[in-house]
Amino acid sequence: MKPFIYDYTLEQLQDWMRENGEPAFRASQLFDWLYVKRVTSFDDMTNLSKELRTKLADQFEFVTLNEITRLESKDGTVKYLFGLHDNHAIETVVMRHNYGNSICVTTQVGCRIGCTFCASTLGGLKRNLTAGEIVAQVVKAQQMLDETNERISSIVIMGTGEPFENYDATMAFLRTMIHEKGLNIGQRHITVSTSGIVPSIYKFTEENTQINLAISIHAPNDALRSKLMPVNRRFPFEDVMEACRHYIAKTGRRITFEYALIGGVNDQPEHAQELADVLQGMLCHVNLIPVNYVPERKYVRTSRNDIFEFHRILERNKINATIRREQGHDIAAACGQLRAKHMESTAR
């Protein structure tokens, strides 16, 4: 296969232009067609010479994202299942808020992290997405929003997969998203979430960005976290927390800790107090997430009263915390659920 045009950052396209006997400013014109005008054919790029358009078409492809399924929630959330060129499928979710539209993108086909409460890991990891396949999710969603004169204003990298195990592609994607000549999404309106890939947390610390970092912890100690998240055996809880403390000290930026509340497992008052003790003194925010029911998993949702009690204990200990507002609950908007159903029906 030819490389995807969306795989290339502006700087890489400038290098390509020079190598192919074109002035570097042509890359900016190309970027404008891709991300401002959002065309999907080189033939439409009318301020580029016919020779250059032919050369681009010979050497690059546009990403194939075929819409397999679109589910729309009563709260305005839209979940897409897109088919890729190799017959794999990925999910992308667009969420409407009173402050704008956000998109949750996927970075891998499947996931190998193995969190025991998550549908994304069902079937394991198939492959990494290229930077262009991640970019294409945002472009495709923006094209759909163009019909109603809306725009994507924020991005969360919290879909299927572990972005820090596809680090280079994720960073190339981010560079295109924040570029003023690209989609020009404000860095502070982007959040990347990791299950705690310690070397990549240190690497991300040195990137010198304003992009938000979120860490999925889901337990206040090593033993319980290992039961819920097998990745903890590779990167133990204390190592993750040490990397987080380094990130905060080096960047001065707040970290968000994501904590999925699972009925009778990690949601008791003693868990809340232990978590508060661990996070004491850290510049952080805890995002409490009532776990979604997944038929293939045995876990149940935490009761409403227990959610509020967990939150009260954190707040009482001066730990900033919020309970995530649920969206798309009526359309199986949790990561991996739609893809899992598709895989099951395809297998049949």
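Under an unreviewed UniProt entry, the protein chain has the name Probable dual-specificity RNA methyltransferase RlmN and belongs to Paenibacillus thailandensis. One UniProt comment on the protein chain, placed under Subcellular location (unreviewed entry), says "Cytoplasm". Its UniProt record gives the protein chain a comment under Sequence similarities (unreviewed entry), which states: "Belongs to the radical SAM superfamily. RlmN family."

Per the secondary structure count, the protein chain includes eleven helices and twelve strands. Computed over C-alpha atoms, the radius of gyration of the protein chain comes to 21 Å, within 12% of the 20 Å expected from 2.2 N^0.38 for 348 residues, which places it in the range of a compact globule. Referenced to the eigenvectors of the C-alpha coordinate spread, the extents of the protein chain come out at roughly 70 × 50 × 40 Å. Here the protein chain holds 348 residues, and the buried ones make up 56% of them. Within the protein chain, contacts between residues at least 6 apart in sequence are counted, and of these 66% link residues at least 24 apart. Roughly 15300 Å² of accessible area belongs to the protein chain as shown, and the carbon and sulfur atoms make up 47% of that amount. Of the charged side chains in the protein chain, 41 are positive and 42 negative, and the gap between their average positions amounts to 2 Å.

Packing of helix H9 (residues 269–279) against helix H10 (residues 304–316) leaves a shortest axis separation of 9 Å and a crossing angle of 30°. Taken as axis vectors, H9 and H10 run roughly parallel relative to one another. With respect to the hand of their crossing, H9 and H10 are arranged in right-handed fashion. Contact with H9, carried on its side by Pro269, His271, Ala272, Gln273, Leu275 and Ala276, involves Phe310, Ile313 and Leu314 of H10 and no other residues of that element.

Here the focus is the packing of aromatic side chains. Within the structure shown, the criterion is met by eleven aromatic pairs. An aromatic cluster of at least three residues, connected via ring pairs, comprises Tyr6, Phe31, Tyr35, Phe42 and Phe62. Here the basic side chain of lysine 37 rests over the ring of tryptophan 33, its NZ or CZ set 4.7 Å away from the ring centre.

Taken together, ten strands build an open sheet; the order of strands is S1-S2-S3-S4-S7-S8-S9-S10-S11-S12 and the sheet is mixed. With partners counted over all chains shown, the strands left at the sheet margins are strand S1 (66–72) and strand S12 (321–323), one partner each. Recorded for the sheet is a direction-independent mean angle of 20° between the axes of neighbouring strands. When S1 meets strand S2 (residues 78–83), the two strands line up antiparallel, connected through six bridges.

What follows is about the pattern of salt bridges. In this structure the tally under the stated criterion is 17 salt bridges. One salt bridge in this structure joins glutamate 72 and arginine 70, with 4.0 Å as the shortest N-O distance. One salt bridge in this structure joins glutamate 165 and arginine 234, with 2.8 Å as the shortest N-O distance. Separated by 69 residues along the polypeptide, glutamate 165 in the loop between strand S7 (152–157) and helix H5 (167–178) and arginine 234 in the loop between helix H7 (222–228) and helix H8 (237–251) bring together distant segments of the chain. Salt bridges sharing common partners tie together Glu67, Arg70 and Glu72.

A positive phi angle, near 65°, is found at histidine 218, a position not held by glycine. For histidine 218, the position within the fold is in the loop between strand S9 (212–216) and H7. By relative accessible area, which is 6% here, histidine 218 ends up buried. Even without glycine at this site, lysine 318 takes up a positive phi of about 65°. Relative to the assigned elements, lysine 318 resides in the loop between H10 and S12.

When the UniProt feature table is mapped onto this chain, "binding site: S-adenosyl-L-methionine" (unreviewed entry) is found at Gly161, Glu162, Ser193, Ser216, Ile217, His218 and Asn292. With respect to the helices, strands and loops of the structure, glutamate 162 is situated in the loop between S7 and H5. If sequence neighbours within four positions are ignored, glutamate 162 has contacts with Thr107, Gln108, Cys111, Ile113, Ser193, Thr194, Ser195, Gly196 and Ile197. When sequence neighbours within four positions are dropped, the list of residues in contact with histidine 218 reads Phe117, Leu228, Met229, Glu258, Tyr259, Ala260 and Asn266. One polar contact links the side chain of histidine 218 to the main-chain carbonyl oxygen of glutamate 258, over a distance of 3.4 Å.

Before going further, it helps to examine the pairing of S7. The two faces of a sheet get side chains in turn, since along a regular strand they alternate between them. Of all six residues that make up S7, five are buried, and the element is covered over most of its length. Two strands pair when backbone bridges link them, and S7 and strand S8 (residues 190–194) are joined in this way by three bridges, in the parallel orientation. Residue pairing for S8: valine 156 is matched across the bridge by threonine 191. With H5 bridging S7 and its parallel neighbour S8, the resulting β-α-β unit is right-handed.

Here arginine 234 takes part through its side chain, which lies 2.8 Å from a polar atom of the side chain of glutamate 165. The residues touching glutamate 165, leaving out its near neighbours within four places in the chain, are Gln108, Arg112, Ile113, Asn128, Ile197 and Arg234.

Parameters at a glance
- Residues numbered from 1 in each chain as written.
- Predicted model: local features only at pLDDT ≥ 70, side-chain atom pairs only at ≥ 80, totals over all residues.
- Heavy atoms only, no water.
- UniProt positions renumbered as here; feature names shortened; annotations may be inferred.
- Helix = DSSP H or I, 4+ residues; strand = E, 2+ residues; numbered from the N terminus.
- Rg over C-alpha atoms; globule rule 2.2 N^0.38 Å.
- Buried < 20%, exposed > 50% of the residue type's maximum accessible area, 1.4 Å probe, protein only.
- Contact = heavy atoms within 4.5 Å.
- Areas by Shrake-Rupley, 256 points an atom, 1.4 Å probe, with all protein chains shown as cover.
- Lys, Arg positive; Asp, Glu negative; His and termini not counted.
- Charge placed at Lys NZ, Arg CZ, Asp CG, Glu CD.
- Axes fitted to C-alpha atoms, helices over the stretch in contact; angles between N-to-C directions.
- Parallel < 35°, antiparallel > 145°, perpendicular 65-115°, else oblique.
- Left-handed = near helix turned anticlockwise from the far one by under 90°.
- Phe/Tyr/Trp six-rings, centres within 6.5 Å; stacked < 30°, edge-to-face > 60°.
- Lys NZ or Arg CZ within 6 Å of the ring centre and 35° of its normal.
- Pairing = 2+ DSSP bridges.
- Salt bridge = Lys/Arg side-chain N within 4 Å of Asp/Glu carboxyl O.
- Polar contact = N/O pair within 3.5 Å; in protein donor to acceptor, adjacent residues only side chain to side chain.
- Right-handed = clockwise from strand over helix to strand, strands pointing away.

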